[in-house]
Every structure is written in structure tokens, then in C-alpha cells.
Amino acid sequence: MSTLLETSAPSAAEELSGRLFLQTLGAVELLNVYFGVELGLYRSLSFDGPATAAVLAERTGQDLRYTQEWLAQQAVAGLLTVGPDAEFRLADGVREALVDEVSSFYVGGMAYIVPAIGRALPALVSAFRTGNGVPYPAYGADAVTAQEALNRPAYETALIEDWLPQIPDIQARLADSTRPARVADLGAGVGWAAIRLAEAFPQVRVDGYDLDEESIARGRRYVADRGVADRVDLAVADITEPLPHDGYDVAFFFECLHDLPHPVAALEAARRAVSPGGSVIVMEERVAETFTAPGDEVERFMAAAGTLWCVPQGRTDASSDVIGPLGIRPAVMRHLAESAGFRTVETLAIDHPFWRFYRLG
Ligand SMILES: C[S@@+](CC[C@H](N)C(=O)[O-])C[C@H]1O[C@@H](n2cnc3c(N)ncnc32)[C@H](O)[C@@H]1O
């Protein structure tokens, strides 16, 4: 018979302690990666070459003592190597993972997630008690950096090259120069998807809408830098309300539906804003088809992001129906789309470890 004093098997406790130690190690090492990305230290070692602590401090305008400590930490962590000349250089893979922002291996944005959540943490603790939301701006500019860096590589390397060829009629519509297509990017963030669409299809016009002013302000600078300001218009707008324009040939929701307080209203607004024969494409989290616990790493990442990021941001009012990243399963997606008046919901064959793609008609 078990008693209240009975303890778990030592091996289970030992395993959990070890796992949580490794997670703590991951968190503190990730925050050291933040310094390397934010202060341009990896970038300098990549573009200006290997350096001693004194040279790197001089090059990047950092304090020498902190630079020494960071370089030693990075070498211990295996992200840098150090030679007998006391020169530090990037270890294999660091350039792709932490310097080259359009590499498909780039994960520099991951390092911004923890500081952004740290900034919002007091508000999140309070929100757990009150049930109120925590708006995106409460996470600070690092949140926008995290978000844009996480998804940009896929838009730069896969959206045009891999995903659209698997929706050939939409690809053909965008490429049709005799009838320039109009595209809406709903919840556009800083607009990397919109920019890539405009670059790849020189006739199309893209309207990107997002509620976050920092994202739109940043995105407008990127649009100008990439030379597509004549065809990409980014605007602050609430996509759960009727959209400012209609007549779109394609409307995309790139990984934002699960964040919205009123996803059905947003889908309905999109349905009304596309022309007859137009399409609505939704990219959402590739979570398990039914609740699965314990989950795999993707499921665990989505679950953790749900409590810390997506659900608080979507609880903007007492009537919020925010779904969160863990809940946006195919059956839920179908229900949302049907509630918004769509007759068909097709799961597309596009294969991605994090995302599933739907076409609503
Ligand atoms: C997970 S991010 C995705 C951003 C972008 N599509 C990407 O893939 O990088 C979700 C976006 O939805 C935006 N958002 C949240 N609620 C919104 C609303 N009611 N209207 C417009 N945008 C909203 C957020 O500001 C954020 O930029």
C-alpha cells in the first residue's frame, strides 16, 4: 500500500533533475548567445576574422573584461574555438546558425525569446491571476526581433522555391502578368513574406496588415531597403475587423491565426476580402492531431509558447476565443473555417517540421 511519504523511484527523480539542469544550462547559454547576436560579436568574428579579446573589444566597442568573460564562456560552450595565439574563431556551423540571417539554419531569433518573455514576466504572473491579456508591446522590441528572425529564413528560402510550386494554380495566378494579382498578408509582422512575394512576382501588389506598430514601422524600412515600396504597403490594422481593402486574389495567414482573440472573425473578414475564385491560405503549427502528452519536441515548444506568448497576447478582451499554438489542430482549423463560412478546408501536402498548410474555399 502506498503512503504519502513514498517517494518516486530514484531513477525518475534523477532523470528529471538532470533534464531540468540541462534546460537551465540551455537557458543561460542561450542568453549568452543573445550578447553575441545583439552586440554583433559573432558577426565581427565572421566578417572581420578571428580575434583576441582585446581586438574584438576594440572592434566592437565593448568593455574588455566583459568581452574576455564572454569569449571564454563561448569557448567552453563550444560555439567558439581558441588557438594557442589566444585568437577566438567561430566553431563550425555558427555562421549559418547565428550570423547569416537568411540561412535555413539561422536560429539567432531564438536567443531573443527568453529576454522578451523576461520583460513581460511580471505582467504574465499577474495575468495568470486576473485572466487579463498581456499585449505584444509589453514584450518589447526583442519580441519583434525574435518573431521576424524565426520565420524569415523560411520566407527567404522556401516560400517561393518550395511551398508555392505545390499550390500551382495560385503560383500561376501570381505569375500572370496580364492580370496583376492583389495579395493580402494578414498578421504580416515585419512583412518578410510580403517582400518575398513582391520580389518573386514583379506584377503583384501586396497589402500587409498587422496590429503591432513596431512591426509595421520596422517592416516599412525593410520594404524600402529591398526596393519594393511601390508594390508592398504595410499598414497597422486589426485583422479581426473588416479589412481596409478587398478584391484580393490570395489572402495569407502566416502563423498568426492561433494568436488572434477572434479567429473566426478574422477568417470571415478574409473570406469577404477575397474576390470570387480567390483563395485563403493558412500556415499554422504542425501540432499532433489530438492532445498528446507527453509530447515530442515540437509539441513541447508549442505548449510552452502557448502559456508564455500566444495565449496571453490573444486575451485582449473578456470575450477572447484565442486558440493558442497547441490547440490549432486540423479538426479545430476545420471548425474555425466552417464557422467563418468557408465550405472547403484542404490540408495541403506541403511538408514542414513546424507548420501545416490549409487552403480554405
Ligand atoms: C506569430 S506572429 C506572425 C507574424 C508573421 N506573419 C510571421 O510569420 O513572421 C503573429 C502576428 O499577428 C499579429 N496580430 C496579433 N493580433 C492581431 C490583430 N488583431 N490584427 C492584426 N495583427 C495581429 C501580431 O502583431 C504578430 O505580428
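Fair warning: this is a prediction, and the values are worked out from it, not measured in the lab.

The rules behind these values
- Residues numbered from 1 in each chain as written.
- Predicted model: local features only at pLDDT ≥ 70, side-chain atom pairs only at ≥ 80, totals over all residues.
- Heavy atoms only, no water.
- Helix = DSSP H or I, 4+ residues; strand = E, 2+ residues; numbered from the N terminus.
- Core = buried A, V, L, I, M, F, W, Y, C linked by side-chain atoms within 4.5 Å.
- Buried < 20%, exposed > 50% of the residue type's maximum accessible area, 1.4 Å probe, protein only.
- Domains from an automatic or database assignment.
- Contact = heavy atoms within 4.5 Å.
- Near = heavy atom within 4 Å.
- Polar contact = N/O pair within 3.5 Å; in protein donor to acceptor, adjacent residues only side chain to side chain.
- Areas by Shrake-Rupley, 256 points an atom, 1.4 Å probe, with all protein chains shown as cover.
- Nonpolar A, V, L, I, M, F, W, Y, C, P; charged D, E, K, R; others polar.
- Pairing = 2+ DSSP bridges.
- Arc of directions from axis to C-beta.
- Buried area = accessible area lost by both parts, 1.4 Å probe.
- Salt bridge = Lys/Arg side-chain N within 4 Å of Asp/Glu carboxyl O.
- Right-handed = clockwise from strand over helix to strand, strands pointing away.
- Phe/Tyr/Trp six-rings, centres within 6.5 Å; stacked < 30°, edge-to-face > 60°.
- Lys NZ or Arg CZ within 6 Å of the ring centre and 35° of its normal.

Visitor: Run through the environment of Ala237, naming residues and quoting values.
Guide: Summarising the element assignment, Ala237 is placed in the loop between strand E5 (232–236) and strand E6 (248–254). A sequence separation of 26 residues divides Ala237 from Leu211, and the C-alpha atoms of the two residues are 5.1 Å apart.

Visitor: Residue-level account of the nonpolar core, with values.
Guide: Where a protein is soluble and globular, its nonpolar side chains tend to be buried together. Formed by 76 residues in total, the largest nonpolar core has its most connected members in Tyr42, Trp163, Leu164, Leu174, Leu197 and Trp309. When residues in this core are grouped by element, the largest group, 10 residues, is from helix H7 (residues 141–163). Residue assignment places this core across two domains, with domain 1 (10–98) and domain 2 (110–360) each supplying three or more. The contact partners of Trp309, leaving out residues within four places of it in the chain, are Ile113, Ala116, Ile117, Tyr136, Tyr139, Ala143, Ala146 and Gln147. Core analysis: the second largest hydrophobic core is formed by 29 residues, Leu243, Leu260, Leu267 and Ala270 among them.

Visitor: Outline the site of the ligand, supporting the account with residue identities and numerical values.
Guide: With respect to spatial proximity, 19 residues lie near the ligand, and among them Asn151, Tyr155, Gly187, Asp210 and Phe254 are the closest. In the environment of the ligand, an oxygen atom lies 2.5 Å from a nitrogen or oxygen atom belonging to the side chain of Tyr155. Residue Gly187 places a main-chain N or O atom 2.7 Å away from a nitrogen atom belonging to the ligand. Burial of the ligand by the surrounding chains reaches 92%, relative to a free accessible area of 590 Å². Of all the elements, H7 adds the most residues to the shell around the ligand, at 3 residues. The class makeup of the residues in the shell around the ligand is 9 nonpolar, 5 polar and 5 charged.

Visitor: Explain the pairing of strand E9 (residues 355–360) to me, and be specific about the residues and the numbers.
Guide: With 6 of its 6 residues buried, E9 lies for the most part within the structure. Side chains Trp355, Phe357 and Arg359 project from E9 onto one buried face, and the interleaved Arg356, Tyr358 and Leu360 project onto a second face that is buried too. Looking at chain direction, strand E7 (residues 274–285) and E9 are connected through 6 bridges and run antiparallel. Paired with Met283 across the two strands is Phe357, which belongs to E9.

Visitor: Outline helix H3 (residues 53–60), supporting the account with residue identities and numerical values.
Guide: Buried within H3 we find Ala53, Leu56, Ala57 and Thr60. Angularly, the buried residues of H3 cover 100 degrees about the axis, an arc narrow enough to put them on a single face. Of the surrounding elements, those touching the buried residues of H3 are helix H2 (41–47) and helix H4 (64–77). With its phi angle positive at about 70 degrees, Gly61 sits one or two positions after the end of H3.

Visitor: Tell me about the domain arrangement of the protein chain, residues and numbers included.
Guide: Partitioning the protein chain into domains gives domain 1 (10–98) and domain 2 (110–360). Computed over C-alpha atoms, the centres of domain 1 and domain 2 are 32 Å apart. Contact with domain 1, which involves 8 residues of that partner, is made by 7 residues of domain 2. When the two sides are added together, the surface that domain 1 and domain 2 hide from each other amounts to roughly 650 Å², 66% of it contributed by carbon and sulfur. Three residues stand out in domain 1 for area buried against domain 2, namely Leu30, Leu31 and Tyr34, and they jointly supply 64% of the buried area on that side. Where domain 1 touches domain 2, the interface holds 0 salt bridges.

Visitor: Help me get a handle on the pairing of E7, residues and values and all.
Guide: Bridging between E6 and E7 involves 6 bridges; their strand directions are parallel. Residue Phe252 lies in a different strand from E7, and its bridge partner there is Ile281. Taken together, E6, helix H11 (residues 263–273) and E7 constitute a β-α-β crossover, and its handedness is right-handed.

Visitor: Mind laying out unusual backbone geometry, listing which residues take part and the relevant values?
Guide: Here the bond from Ala293 into Pro294 is cis, since omega is -5 degrees, no more than 30 degrees from zero. With respect to the helices, strands and loops of the structure, Pro294 is situated in the loop between E7 and helix H12 (297–314). The backbone of Glu255 shows a phi angle near 50 degrees, a positive value even though the residue is not glycine. Mapped onto the fold, Glu255 is located in the loop between E6 and H11. Taking relative accessible area as the criterion, Glu255 reaches 15% and is therefore assigned buried.

Visitor: Residues and numbers for the packing of aromatic side chains, please.
Guide: What characterises a pair of aromatic rings is the spacing of the ring centres plus the angle enclosed by the ring planes. Evaluated as defined, the whole model comprises 10 aromatic pairs. Residues Trp163 and Trp355 carry aromatic rings whose centres are separated by 5.9 Å and whose planes lie at 90 degrees to one another, so their mutual orientation is edge-to-face. Here Trp163 is found in helix H7, whereas its partner Trp355 is found in strand E9, with 192 residues between them in sequence. The same class applies to Trp163 as to Trp355, namely buried. Joined through ring pairs, the aromatic side chains of Tyr155, Trp163, Phe252, Phe254, Trp355 and Phe357 make up one cluster. Residue placement shows Arg182 over the ring face of Tyr248; its charged tip is 4.6 Å from the ring centre.

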